[in-house]
Amino acid sequence: MAVIAVAAGLVVLIGYFLPMPLLGEVRALFLHWAMILFAIALIVGVINLARVHWLKVARRQPGYINSLALILALLFLVVVVGYFGPISPVSIWIFNYIQVPLESSLMALLVVVLALGGARLFGRHLSLFSVIFIFSALITLLGSVSIIGFSVPGLDEFAAWLSRVPATAGARGILLGVALGAVATGLRILTGSDRPYGG
Amino acid sequence: MSEIRCSMCGEPNPDDLEFCQNCQARLKPMQSTFESEQSDELLQQSSPEIQGNDQNDRRGEINQELPSWLSEVMSEPESPVEPGFEMPEIEQQEPDAARAELLDWLESQQLDEQVQESEEVSQGDEGLIGIGPLAGLTGVLPAEPDISHIQKLPSQSIKLQITEKQLAHVETLESVISEEGGYHPFERKPAPETSSVWRIIIAVTFFLVILASLLFGGVEFAYPEYSTEVLTTSQLIGSIPNGVPVLVAVDYEPALSGEMDAILMPVLEQLVFKSSYLALVSTIPTGPLQAERLLSAVHQEDYFQFKVADQYTNLGYIPGGAMGLLGFAQSPNQIVPLDLTGNYPWQNPALQDISSVADFALVVVATEKPDTAQNWIEQVKPLLGSTPLVMALSAQAGPVIRPYYESSPKQVDGLVIGLSDAVTYDNMYQRTSTATVYWDTFSLGILLACLLIMAGAFISALVWLYKGMRAASPKGSKA
């Protein structure tokens, strides 16, 4: 198992450095297989999800009504989208008027939660960093809007500086850390030290 | 009964045993029958001279002739000889003639040396030769019979000898390892008390203010100033020829469609205005439907005269994440051979020359996730060649992706970040898309959120300080 995984990884990696036609073809083949496996895993995941909730319904476990709703919705969508097609008007209608409003509503709740959290932050923990946090958030928010006829001198420039210098510096550090972590993880898998596939 | 300690395992054994009860090692040197008998005869012949009463008389005479220090040595009592000890055969076989030539004082000293040697042998007879011509000698290499002597190996304990401290460390390590893979229920911390009244007040305030702004109009907010990345993006799109194929990735979840639709819309409108042929893809399963929804909104704008069937194809979902993107960038027509309608889109005149992602005139990626944006930058951008990569990002992903835009050479050629950039884009072309419609209400919501946070923070800080002062005062501490 480890030999196959390491060999596949090396072929794909070497394909980046050596522009050999044979390596390119092998690499493309591996990538194609990986995509097929990924798509099959998605289908297996859906089947497993349905099975878990079906068992919950069959055993009358607490909250089985929700599981029943999930199974019915899944069956309904499979039948409708399978019959009419993925971009048929019926499918688009279901997406536009059921899925998008539901997910957007959940996201909109964040406004209330975040505003309440920011308002009560000092009541829970008043420290230098909490003051800096709230101050930065307020400056950035206020700097992004401006009422006509009312402006605070230097506010826009300071907000732009906050988002371009400290925020970008932090993001750059995060990117470097992520890149180093990815290299280390890749090397561990290529050398067989880390075997997420088991074996 | 006297005991003999085994030289191999150290266990005491009765004197009459020949082999150790514990490890079966030989306790006594091995002797042949002939040698035993011969040694007995020699002992009988020599015993009158060594052990007889005349010896004491002779010692008395010698003592008179010897120096005082030697007399003291001779007057010391003889060291006891263990019962099981046998006199070395080489001494026992010494001829009487040779013994007669020795002086008496030397003979007696030799006897003392023999006794001393016998003690050493009895204490540790590991090097004592039992048989053969070297029998009785110690400290010599053993002869072949001793080497080939087969005996049961002494039993050794395999139990690891460790200290209590080491044992404690082992137990700690074992507990850490066992806990690592085990199930540990989370310690339920008491949830911070949050009054539901405050939640309701904040939610109702937001709802009423935004609804009033939408229905009756409200405060007018200034449009944001032009940013360099928006200018660059509009120039890039403006520089591509009309009617060329453009790849558009709609990679955002339906939950973020309120923001992302508004951000992507001005870019799409400019592309449609240039009669670009749009090839839509997505790396999330709901992306293709999102793209259809977005294009239907563009189609409703009459002034574009957008002919859906002739100006785009929906290539659908690309599975595999980063791997799928790499495969698609190398050979899009092999990875996605059919579009969502089941037709083969690569025979379309606009796409028939596409063999890799670099053959598109422009690549536009719309996403709210930094990870997705990074996948496009890292997997697709190296294969793009001179084809520009433009990204429409949510406000949360903007700061993470901005370093790619500000790097040299640029890994992202154009950026549209957040609603403010979308409004700027609209203003550049004197259009009124979704972002411009949202702008005043969006700004009012932000202002309201800032006011609520500031008011709440001020009150919370006062309460916190009051509690601290009350706890610090003697009266408060007593209470």
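In what follows, the structure referred to is the one given above.
Throughout what follows, the structure given in this document is the object of discussion.

Calculation criteria
Residues numbered from 1 in each chain as written. Chains lettered and ligands numbered in written order. Predicted model: local features only at pLDDT ≥ 70, side-chain atom pairs only at ≥ 80, totals over all residues. Heavy atoms only, no water. Helix = DSSP H or I, 4+ residues; strand = E, 2+ residues; numbered from the N terminus. Buried < 20%, exposed > 50% of the residue type's maximum accessible area, 1.4 Å probe, protein only. Areas by Shrake-Rupley, 256 points an atom, 1.4 Å probe, with all protein chains shown as cover. Contact = heavy atoms within 4.5 Å. Pairing = 2+ DSSP bridges. Axes fitted to C-alpha atoms, helices over the stretch in contact; angles between N-to-C directions. Expected span 1.5 Å × (residues − 1). Core = buried A, V, L, I, M, F, W, Y, C linked by side-chain atoms within 4.5 Å. Parallel < 35°, antiparallel > 145°, perpendicular 65-115°, else oblique. Left-handed = near helix turned anticlockwise from the far one by under 90°. Nonpolar A, V, L, I, M, F, W, Y, C, P; charged D, E, K, R; others polar. Bend = angle between axes of the 7 residues up to and from the residue. Buried area = accessible area lost by both parts, 1.4 Å probe. Salt bridge = Lys/Arg side-chain N within 4 Å of Asp/Glu carboxyl O. Polar contact = N/O pair within 3.5 Å; in protein donor to acceptor, adjacent residues only side chain to side chain. Right-handed = clockwise from strand over helix to strand, strands pointing away. Patch = residues over 30% accessible without salt bridge, like charges linked within 9 Å, V, L, I, M, F, W, Y side chains within 5 Å. Lys, Arg positive; Asp, Glu negative; His and termini not counted. Phe/Tyr/Trp six-rings, centres within 6.5 Å; stacked < 30°, edge-to-face > 60°.

Quick look at the overall build of chain B now. The number of helices and strands found in chain B is 20 helices and eight strands. Burial status across chain B gives 40% buried among its 479 residues. Accessible surface computed for chain B: about 27500 Å², of which carbon and sulfur atoms make up 56%.

Further remarks concern the overall build of chain A. Each helix and strand in chain A was counted, giving seven helices and zero strands. Ordered by position in the sequence, the α and β elements of chain A form the string α-α-α-α-α-α-α. Nonlocal contacts in chain A, meaning residues at least 24 apart in sequence, comprise 21% of its contacts between residues at least 6 apart. When the accessible area of chain A is evaluated, it comes to approximately 13300 Å², of which 78% is carbon and sulfur surface.

Our next topic: the environment of Val267(B). Tracing the chain through its elements places Val267(B) in helix H11 (residues 257-273). C-alpha of Val267(B) to C-alpha of Val416(B): the two residues are 149 residues apart in sequence and 8.7 Å apart in space.

Let us now look at the sheet that holds strand S8 (residues 414-417) of chain B. All names here are of chain B. As summarised here, the arrangement of the six strands in space is S5-S4-S3-S6-S7-S8, forming an open sheet in which the pairing is parallel. This sheet does not close on itself; its edge strands, each paired only once, are strand S5 (312-317) and S8. Within the sheet, the average angular offset between the axes of one strand and its neighbour, ignoring direction, is 15°. Of the pairings in the sheet, the one linking strand S7 (residues 389-393) to S8 comprises four bridges and is parallel in character. In the sheet register, Met391 faces S8, and the bridge partner there is Leu415.

Residues separated by three or four positions in an α-helix point in the same direction, a consequence of the helix having 3.6 residues per turn. Its 16 residues give helix H5 (residues 128-143) of chain A an end-to-end C-alpha distance of 22 Å, which sits within 8% of 22 Å, the value for a rise of 1.5 Å per residue. Turning to H5(A), its buried residues number three or more, namely Ser130(A), Ile134(A), Leu138(A), Ile139(A) and Gly143(A). Residues of H5(A) that are buried make contact with helix H4 (89-124) and helix H6 (155-164) of chain A together with helix H19 (434-472) of chain B.

Bringing the nonpolar core into the picture now. Residue and element names in this part refer to chain B. Of all hydrophobic cores here, the largest spans 37 residues; its most connected members are Leu247, Trp376, Met391 and Ile401. The set of elements that each furnish at least two residues to this core consists of strand S3 (245-251), strand S4 (277-282), helix H14 (321-330), strand S6 (362-367), helix H16 (370-384), S7, helix H17 (398-406) and S8. Of the residues forming this core, the biggest block, five residues, is contributed by H16. When residues no more than four places from it in sequence are discounted, the contact partners of Met391 are Val365, Ala373, Trp376, Ile377, Ile401, Val412, Gly414, Leu415 and Val416. Core analysis: the next-biggest nonpolar cluster, separate from the first, contains 33 residues, Ile237, Leu271, Leu294 and Tyr312 among them.

Between two packed helices, what matters for the description is the angle formed by their axes and the separation of those axes. The interhelical angle for the contact between helix H2 (residues 21-58) of chain A and H14(B), taken along N-to-C directions, is 135°, at an axis separation of 9 Å. Between H2(A) and H14(B), the angle falls in the class oblique. Handedness of the crossing formed by H2(A) with H14(B): left-handed. Together, Arg27(A), Ala28(A), Leu31(A), Ala34(A), Met35(A) and Phe38(A) of H2(A) and Gly321(B), Met323(B), Gly324(B), Leu326(B), Gly327(B) and Gln330(B) of H14(B) make up the contact between the two elements. When grouped by side-chain class, the residues that make up the contact of H2(A) with H14(B) number seven nonpolar, four polar and one charged.

Here we come to unusual backbone geometry. It is generally the case that most residues other than glycine have a negative phi and that most peptide bonds are trans. Here the bond from Ser408(B) into Pro409(B) is cis, since omega is 0°, no more than 30 degrees from zero. Inspection of the secondary structure puts Pro409(B) in the loop between H17 and S8. Its identity as a non-glycine residue notwithstanding, Arg60(A) has a phi of 55°, on the positive side. Non-glycine residue Gln430(B) carries a positive phi angle of around 55°.

Let's shift gears to H4(A). All names here are of chain A. Taking 1.5 Å per residue, 36 residues should reach 52 Å; H4 reaches 51 Å between its end C-alpha atoms and fits that length. Along H4, the largest kink reaches about 30° and is centred on Gly118. For H4, the complete set of buried residues consists of Ser91, Ile92, Ile94, Phe95, Asn96, Val100, Val112, Ala115, Leu116, Gly118, Ala119 and Phe122.

Below, the discussion takes up the interface of chain A and chain B. Contacts between the two partners involve 46 residues from chain A and, on the opposite side, 58 residues from chain B. Carbon and sulfur atoms supply 73% of the area that chain A and chain B bury against each other, a total of about 4900 Å² over both sides. Our count for the contact surface shared by chain A and chain B stands at one salt bridge. We note a salt bridge from Glu229(B) to Arg164(A), for which the minimum N-O separation is 3.9 Å. Remark: the boundary between chain A and chain B carries four residue pairs in polar contact (both at pLDDT 80 or more). The set of elements that each furnish at least two residues to the side of chain A that touches chain B consists of H2, H4, H5 and helix H7 (166-190) of chain A. Take the side of chain A that touches chain B: its biggest share by element is 18 residues, from H4(A). Tallied by class, the residues present in the side of chain A that touches chain B amount to 31 nonpolar, nine polar and six charged.

With that settled, the discussion passes to the packing of H5(A) against H6(A). All names here are of chain A. Where H5 contacts H6, the two axes come as close as 8 Å, and the packing angle between them is 120°. Considered as vectors, H5 and H6 are oriented oblique to each other. Both H5 and H6 take part in a crossing whose hand is left-handed. Contacts between H5 and H6 pair Phe135, Ser136, Ile139, Thr140, Leu142 and Gly143 from the former with Leu155, Asp156, Phe158, Ala159 and Leu162 from the latter.

Our next topic: the pairing of S4(B). Residues and elements named next belong to chain B. The element S4 is largely enclosed, with a buried count of six among its six residues. Side-chain alternation along S4 places Tyr277, Ala279 and Val281 on one buried face and Leu278, Leu280 and Ser282 on a second face that is also buried. Sheet topology note: the S3/S4 ladder contains five bridges and is parallel. Directly across from Val248, in S4, lies its bridge partner Leu280. One crossover worth recording links S3 to the parallel S4 by way of H11, and it is right-handed.

Here the focus is a nonpolar patch on the surface. Residues and elements named next belong to chain B. A grouping of Ile200, Val204, Phe207, Leu208, Leu211, Leu214, Leu215 and Phe216 is seen on the molecular surface, where their side chains present a nonpolar patch of about 880 Å² in accessible area. Within the secondary structure, Phe216 is located in helix H9 (residues 196-216). By relative accessible area, which is 70% here, Phe216 ends up exposed.

All names here are of chain B. By secondary structure assignment, the location of Lys274 is in the loop between H11 and S4. Within the buried core, Lys274 has no salt-bridge partner, and the shortest N-O distance to an opposite charge, that of Glu269, equals 15 Å. At a separation of 3.2 Å, a polar atom in the side chain of Lys274 contacts the main-chain carbonyl oxygen of Gly238. Within the local environment of Lys274, its side chain forms a polar contact with the side chain of Asn242, the two groups lying 3.3 Å apart. Not counting residues up to four positions away in its chain, the partners in contact with Lys274 are Ile237, Gly238, Ile240, Pro241, Asn242 and Gly243.

This paragraph deals with the packing of aromatic side chains. Residue and element names in this part refer to chain A. Going through the model one piece at a time under the given rule, you end up with seven aromatic pairs over all chains. Centroid distance Tyr83 to Phe84: 4.9 Å. Interplanar angle 90°. Geometry classified as edge-to-face. Note on Phe84: relative accessible area 45%, which makes it partly exposed. Centre to centre, the rings of Phe158 and Trp161 are 5.9 Å apart; their planes meet at 15°, and the pair counts as stacked. Residue Phe158 and its partner Trp161 are both found in helix H6; the two are separated by three residues, about one turn of the helix. An aromatic cluster of three or more residues is present, and its members are Phe135, Phe158 and Trp161.

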